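The lines below spell out each chain.
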Amino acid sequence: MTQILKEGGKTIIKTGERIDTMNANQFEEDIQPALKDGGVDLEMDCTDLVYMASSGLRIIQKTMRTVMQLKGQFKIVNVSPEIYKVLAMTGFTKFMKVEQKKA
Amino acid sequence: MKKEIKIKNQVEELERVNQFVEEIGEELGLDMELQMNLNLVMEEMVSNIIFYAYPEGKPEDIELTAEYNGKELIFVLSDHGKEFDPTAKEDANPDINPIDREIGGMGIYIVKNIMNKVTYQRLEGKNLLTMKKEL
(Lines give C-alpha, C1' and ligand atoms only; values in the text may rest on other atoms or scores of the structure.)
Protein backbone atom coordinates (compact mmCIF):
# COMPACT_ATOMS: atom_id res chain seq x y z
CA MET A 1 0.00 0.00 0.00
CA THR A 2 1.40 3.33 -1.06
CA GLN A 3 0.90 6.26 1.32
CA ILE A 4 1.26 9.95 0.57
CA LEU A 5 2.20 12.00 3.63
CA LYS A 6 2.84 15.69 4.11
CA GLU A 7 5.55 16.70 6.53
CA GLY A 8 6.33 20.40 6.80
CA GLY A 9 6.90 21.49 3.20
CA LYS A 10 7.81 17.97 2.15
CA THR A 11 5.68 15.37 0.37
CA ILE A 12 6.58 11.80 1.25
CA ILE A 13 5.66 8.81 -0.86
CA LYS A 14 5.88 5.81 1.42
CA THR A 15 6.06 2.70 -0.72
CA GLY A 16 4.70 -0.74 0.04
CA GLU A 17 6.83 -3.91 0.00
CA ARG A 18 6.94 -4.39 -3.73
CA ILE A 19 6.83 -2.38 -6.94
CA ASP A 20 6.59 -4.97 -9.66
CA THR A 21 4.99 -5.69 -13.03
CA MET A 22 1.70 -6.55 -11.38
CA ASN A 23 1.25 -3.43 -9.24
CA ALA A 24 3.33 -0.77 -11.04
CA ASN A 25 0.32 0.87 -12.71
CA GLN A 26 -1.43 1.14 -9.36
CA PHE A 27 1.69 2.67 -7.81
CA GLU A 28 1.92 5.21 -10.61
CA GLU A 29 -1.72 6.20 -10.06
CA ASP A 30 -1.23 6.38 -6.30
CA ILE A 31 1.60 8.90 -6.55
CA GLN A 32 -0.06 11.26 -9.02
CA PRO A 33 -1.58 13.49 -6.28
CA ALA A 34 1.97 14.11 -5.04
CA LEU A 35 3.02 15.39 -8.48
CA LYS A 36 0.66 18.30 -8.92
CA ASP A 37 2.32 21.15 -7.07
CA GLY A 38 5.01 23.37 -8.53
CA GLY A 39 8.22 23.39 -6.51
CA VAL A 40 7.31 20.09 -4.88
CA ASP A 41 9.84 18.71 -2.41
CA LEU A 42 9.35 15.00 -2.90
CA GLU A 43 10.81 12.13 -0.95
CA MET A 44 10.23 8.49 -1.81
CA ASP A 45 10.57 6.50 1.41
CA CYS A 46 11.53 2.88 0.67
CA THR A 47 11.70 1.61 4.27
CA ASP A 48 9.22 -1.18 3.51
CA LEU A 49 10.39 -1.88 -0.04
CA VAL A 50 12.00 -5.30 -0.52
CA TYR A 51 11.63 -5.69 -4.26
CA MET A 52 11.49 -3.43 -7.30
CA ALA A 53 11.34 -4.45 -10.96
CA SER A 54 12.18 -2.29 -13.98
CA SER A 55 8.54 -1.21 -14.11
CA GLY A 56 9.27 0.63 -10.85
CA LEU A 57 12.45 2.18 -12.26
CA ARG A 58 10.44 3.43 -15.21
CA ILE A 59 8.07 5.24 -12.85
CA ILE A 60 11.02 6.80 -11.00
CA GLN A 61 12.38 7.93 -14.36
CA LYS A 62 9.05 9.55 -15.28
CA THR A 63 8.76 11.11 -11.84
CA MET A 64 12.23 12.67 -12.22
CA ARG A 65 11.03 14.32 -15.42
CA THR A 66 7.79 15.58 -13.91
CA VAL A 67 9.55 16.98 -10.83
CA MET A 68 12.08 18.71 -13.05
CA GLN A 69 9.25 20.36 -15.02
CA LEU A 70 7.67 21.43 -11.72
CA LYS A 71 11.04 22.82 -10.69
CA GLY A 72 10.89 20.68 -7.58
CA GLN A 73 13.19 18.28 -5.80
CA PHE A 74 13.07 14.51 -5.63
CA LYS A 75 15.06 12.09 -3.55
CA ILE A 76 14.83 8.44 -2.57
CA VAL A 77 15.54 7.40 1.02
CA ASN A 78 15.83 4.26 3.14
CA VAL A 79 16.69 1.99 0.23
CA SER A 80 17.85 -1.57 0.98
CA PRO A 81 21.42 -2.39 -0.13
CA GLU A 82 20.10 -4.85 -2.74
CA ILE A 83 17.77 -2.33 -4.35
CA TYR A 84 20.47 0.36 -4.12
CA LYS A 85 22.68 -1.83 -6.31
CA VAL A 86 19.95 -2.05 -8.95
CA LEU A 87 19.53 1.74 -8.84
CA ALA A 88 23.30 2.14 -9.20
CA MET A 89 23.50 -0.38 -12.05
CA THR A 90 20.88 1.52 -14.03
CA GLY A 91 22.49 4.93 -13.46
CA PHE A 92 20.00 6.48 -11.03
CA THR A 93 22.33 6.98 -8.07
CA LYS A 94 24.61 9.10 -10.23
CA PHE A 95 21.92 11.61 -11.17
CA MET A 96 19.64 11.83 -8.17
CA LYS A 97 19.94 11.66 -4.41
CA VAL A 98 19.51 8.10 -3.18
CA GLU A 99 20.13 7.30 0.47
CA GLN A 100 20.54 3.80 1.82
CA LYS A 101 18.74 2.44 4.82
CA LYS A 102 20.75 2.79 7.99
CA ALA A 103 21.84 -0.58 9.31
CA MET B 1 18.80 -30.33 -10.08
CA LYS B 2 16.33 -29.75 -12.88
CA LYS B 3 12.95 -28.11 -12.61
CA GLU B 4 10.39 -26.72 -15.00
CA ILE B 5 7.25 -24.69 -14.98
CA LYS B 6 4.66 -23.99 -17.64
CA ILE B 7 2.63 -20.82 -17.38
CA LYS B 8 0.07 -18.90 -19.43
CA ASN B 9 0.69 -15.48 -20.94
CA GLN B 10 -1.09 -13.65 -18.13
CA VAL B 11 0.39 -11.13 -15.73
CA GLU B 12 -0.96 -12.98 -12.65
CA GLU B 13 1.24 -15.93 -13.61
CA LEU B 14 4.30 -13.93 -12.56
CA GLU B 15 3.46 -14.93 -9.03
CA ARG B 16 4.01 -18.59 -9.93
CA VAL B 17 7.30 -17.72 -11.62
CA ASN B 18 8.31 -15.97 -8.43
CA GLN B 19 7.49 -19.04 -6.35
CA PHE B 20 9.38 -21.25 -8.81
CA VAL B 21 12.52 -19.14 -8.48
CA GLU B 22 12.15 -19.02 -4.71
CA GLU B 23 11.97 -22.82 -4.50
CA ILE B 24 15.16 -23.06 -6.53
CA GLY B 25 16.83 -20.51 -4.29
CA GLU B 26 15.89 -22.45 -1.19
CA GLU B 27 17.01 -25.74 -2.67
CA LEU B 28 20.39 -24.31 -3.63
CA GLY B 29 20.71 -22.20 -0.48
CA LEU B 30 21.16 -18.92 -2.39
CA ASP B 31 21.63 -15.70 -0.44
CA MET B 32 18.90 -13.08 -0.28
CA GLU B 33 20.50 -10.74 -2.80
CA LEU B 34 20.98 -13.38 -5.47
CA GLN B 35 17.49 -14.66 -4.81
CA MET B 36 16.06 -11.18 -5.37
CA ASN B 37 18.18 -10.68 -8.48
CA LEU B 38 17.06 -13.95 -10.04
CA ASN B 39 13.44 -13.07 -9.31
CA LEU B 40 14.05 -9.76 -11.02
CA VAL B 41 15.64 -11.40 -14.08
CA MET B 42 12.80 -13.88 -14.54
CA GLU B 43 10.13 -11.26 -13.99
CA GLU B 44 11.68 -8.96 -16.60
CA MET B 45 12.00 -11.61 -19.27
CA VAL B 46 8.73 -13.44 -18.62
CA SER B 47 6.72 -10.20 -18.52
CA ASN B 48 8.21 -9.23 -21.89
CA ILE B 49 6.80 -12.41 -23.37
CA ILE B 50 3.45 -11.99 -21.61
CA PHE B 51 3.07 -8.46 -23.01
CA TYR B 52 4.53 -8.80 -26.50
CA ALA B 53 4.89 -12.35 -27.81
CA TYR B 54 1.31 -13.31 -28.48
CA PRO B 55 -1.81 -11.62 -29.83
CA GLU B 56 -3.88 -10.20 -27.00
CA GLY B 57 -6.56 -12.29 -25.38
CA LYS B 58 -5.36 -15.66 -26.60
CA PRO B 59 -4.09 -18.01 -23.86
CA GLU B 60 -0.72 -19.40 -24.85
CA ASP B 61 2.09 -21.28 -23.12
CA ILE B 62 5.42 -20.07 -21.80
CA GLU B 63 7.95 -22.55 -20.42
CA LEU B 64 10.80 -22.01 -18.03
CA THR B 65 13.36 -24.62 -17.05
CA ALA B 66 16.11 -24.32 -14.48
CA GLU B 67 19.08 -26.62 -14.22
CA TYR B 68 22.04 -26.59 -11.88
CA ASN B 69 25.10 -28.55 -13.00
CA GLY B 70 27.24 -27.99 -9.92
CA LYS B 71 28.77 -24.85 -11.38
CA GLU B 72 26.17 -22.87 -13.26
CA LEU B 73 22.48 -22.28 -12.78
CA ILE B 74 20.97 -22.27 -16.27
CA PHE B 75 17.52 -20.96 -17.05
CA VAL B 76 15.90 -21.52 -20.44
CA LEU B 77 12.80 -19.55 -21.25
CA SER B 78 10.76 -20.52 -24.30
CA ASP B 79 7.63 -19.41 -26.12
CA HIS B 80 6.23 -19.98 -29.59
CA GLY B 81 5.18 -16.38 -30.11
CA LYS B 82 6.52 -13.95 -32.66
CA GLU B 83 10.25 -13.86 -33.19
CA PHE B 84 11.89 -11.52 -30.71
CA ASP B 85 15.49 -11.28 -29.60
CA PRO B 86 15.63 -9.27 -26.36
CA THR B 87 19.43 -9.33 -26.39
CA ALA B 88 19.44 -7.31 -29.63
CA LYS B 89 17.90 -4.29 -27.93
CA GLU B 90 20.25 -1.40 -27.35
CA ASP B 91 21.30 -1.18 -23.70
CA ALA B 92 20.16 1.66 -21.49
CA ASN B 93 23.18 3.89 -20.89
CA PRO B 94 23.72 4.39 -17.13
CA ASP B 95 26.08 7.30 -17.82
CA ILE B 96 23.24 9.39 -19.21
CA ASN B 97 20.83 11.06 -16.82
CA PRO B 98 17.57 9.02 -16.76
CA ILE B 99 15.73 12.32 -17.34
CA ASP B 100 17.33 12.53 -20.79
CA ARG B 101 17.03 8.83 -21.66
CA GLU B 102 14.22 7.12 -23.47
CA ILE B 103 11.69 5.82 -20.91
CA GLY B 104 12.30 2.15 -20.11
CA GLY B 105 14.82 -0.18 -21.76
CA MET B 106 16.23 -1.12 -18.36
CA GLY B 107 14.85 -4.65 -18.02
CA ILE B 108 17.19 -6.43 -20.42
CA TYR B 109 20.08 -4.27 -19.24
CA ILE B 110 19.53 -5.49 -15.66
CA VAL B 111 19.28 -9.08 -16.89
CA LYS B 112 22.59 -8.84 -18.77
CA ASN B 113 24.23 -7.31 -15.71
CA ILE B 114 23.02 -9.89 -13.24
CA MET B 115 23.54 -13.00 -15.35
CA ASN B 116 26.92 -14.14 -16.66
CA LYS B 117 25.66 -15.06 -20.09
CA VAL B 118 22.43 -14.40 -21.96
CA THR B 119 21.88 -15.90 -25.41
CA TYR B 120 18.94 -15.99 -27.78
CA GLN B 121 18.02 -18.55 -30.41
CA ARG B 122 15.08 -18.93 -32.76
CA LEU B 123 14.59 -22.65 -33.15
CA GLU B 124 11.70 -24.55 -34.75
CA GLY B 125 9.30 -21.66 -34.38
CA LYS B 126 10.28 -20.99 -30.79
CA ASN B 127 12.08 -18.18 -29.00
CA LEU B 128 14.68 -19.69 -26.67
CA LEU B 129 16.42 -17.46 -24.18
CA THR B 130 19.23 -19.07 -22.20
CA MET B 131 20.46 -17.27 -19.09
CA LYS B 132 23.42 -18.56 -17.11
CA LYS B 133 24.59 -17.64 -13.65
CA GLU B 134 27.77 -19.01 -12.11
CA LEU B 135 27.26 -19.99 -8.48
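Our subject is the structure listed above.
Residues numbered from 1 in each chain as written. Chains lettered and ligands numbered in written order. Predicted model: local features only at pLDDT ≥ 70, side-chain atom pairs only at ≥ 80, totals over all residues.

A.B. asks: Explanation requested: the overall build of chain B in the structure shown.
C.D. replies: Check the secondary structure of chain B and you find 3 helices and 5 strands. Listed by position from the N terminus, the elements making up chain B come as β-α-α-β-β-α-β-β. On C-alpha atoms alone, chain B measures out to a radius of gyration of 15 Å, which is about the 14 Å that the 2.2 N^0.38 rule sets for 135 residues. Principal-axis analysis of the C-alpha atoms gives chain B an extent of 40 × 40 × 25 Å. Across the 135 residues of chain B, 32% fall into the buried class. (Helix = DSSP H or I, 4+ residues; strand = E, 2+ residues; numbered from the N terminus. Rg over C-alpha atoms; globule rule 2.2 N^0.38 Å. Buried ≥ 20, exposed ≤ 12 C-beta atoms within 10 Å, placed from the backbone.)

A.B. asks: Can you help me understand helix 2 (residues 54–69) of chain A in this one?
C.D. replies: Every α-helix winds through 3.6 residues per turn, so residues three or four apart in the chain are directed the same way. Taking 1.5 Å of rise per residue, 16 residues should cover 22 Å, and helix 2 of chain A covers 23 Å from first to last C-alpha, within 8% of that figure. Looking one or two places after helix 2 of chain A, you find lysine 71 of chain A, whose phi comes out positive at around 50°. (Expected span 1.5 Å × (residues − 1).)

A.B. asks: Before we go on, may I ask you to explain the packing of helix 1 (residues 24–31) of chain A against helix 2 of chain A in this structure?
C.D. replies: Working note: a packed helix pair is described by the angle between its axes plus the distance between those axes. All names here are of chain A. Two elements in contact, helix 1 and helix 2, have axes whose closest approach is 9 Å; the angle formed by their N-to-C orientations is 25°. Looking at the two axes, helix 1 sits roughly parallel to helix 2. Crossing geometry of helix 1 relative to helix 2 is assigned as right-handed. Taking contact as the criterion, the partners of Ala24, Phe27, Glu28 and Ile31 in helix 1 are, on helix 2, Ser55, Gly56, Ile59 and Thr63. A class-by-class count of the residues in the contact of helix 1 with helix 2 yields 4 nonpolar, 3 polar and 1 charged. (Axes fitted to C-alpha atoms, helices over the stretch in contact; angles between N-to-C directions. Parallel < 35°, antiparallel > 145°, perpendicular 65-115°, else oblique. Left-handed = near helix turned anticlockwise from the far one by under 90°. Contact = placed C-beta atoms within 7 Å. Nonpolar A, V, L, I, M, F, W, Y, C, P; charged D, E, K, R; others polar.)

A.B. asks: Can you help me understand the interface of chain A and chain B in this one?
C.D. replies: As a measure of interface size, the accessible area lost when the parts come together is often cited. Across the boundary between the two partners, chain A contributes 20 residues, which contact 23 residues of chain B. At the level of elements, helix 2, helix 3 (81–89) and helix 4 (92–95) of chain A are the ones that each hand at least two residues to the side of chain A that touches chain B. Top contributing element to the side of chain A that touches chain B by residue count: helix 2 of chain A, with 8 residues. The residue inventory of the side of chain A that touches chain B, partitioned by class, reads 10 nonpolar, 5 polar and 5 charged.

A.B. asks: Would you take a moment to explain helix 3 of chain A for this structure?
C.D. replies: All names here are of chain A. Regarding helix 3, the residues found buried are Ile83, Val86 and Leu87. One face of helix 3 carries all of its buried residues, which in axial projection span an arc of 100°. Once helix 3 finishes, glycine 91 follows within two positions and takes phi at roughly 85°, a positive value. (Arc of directions from axis to C-beta.)

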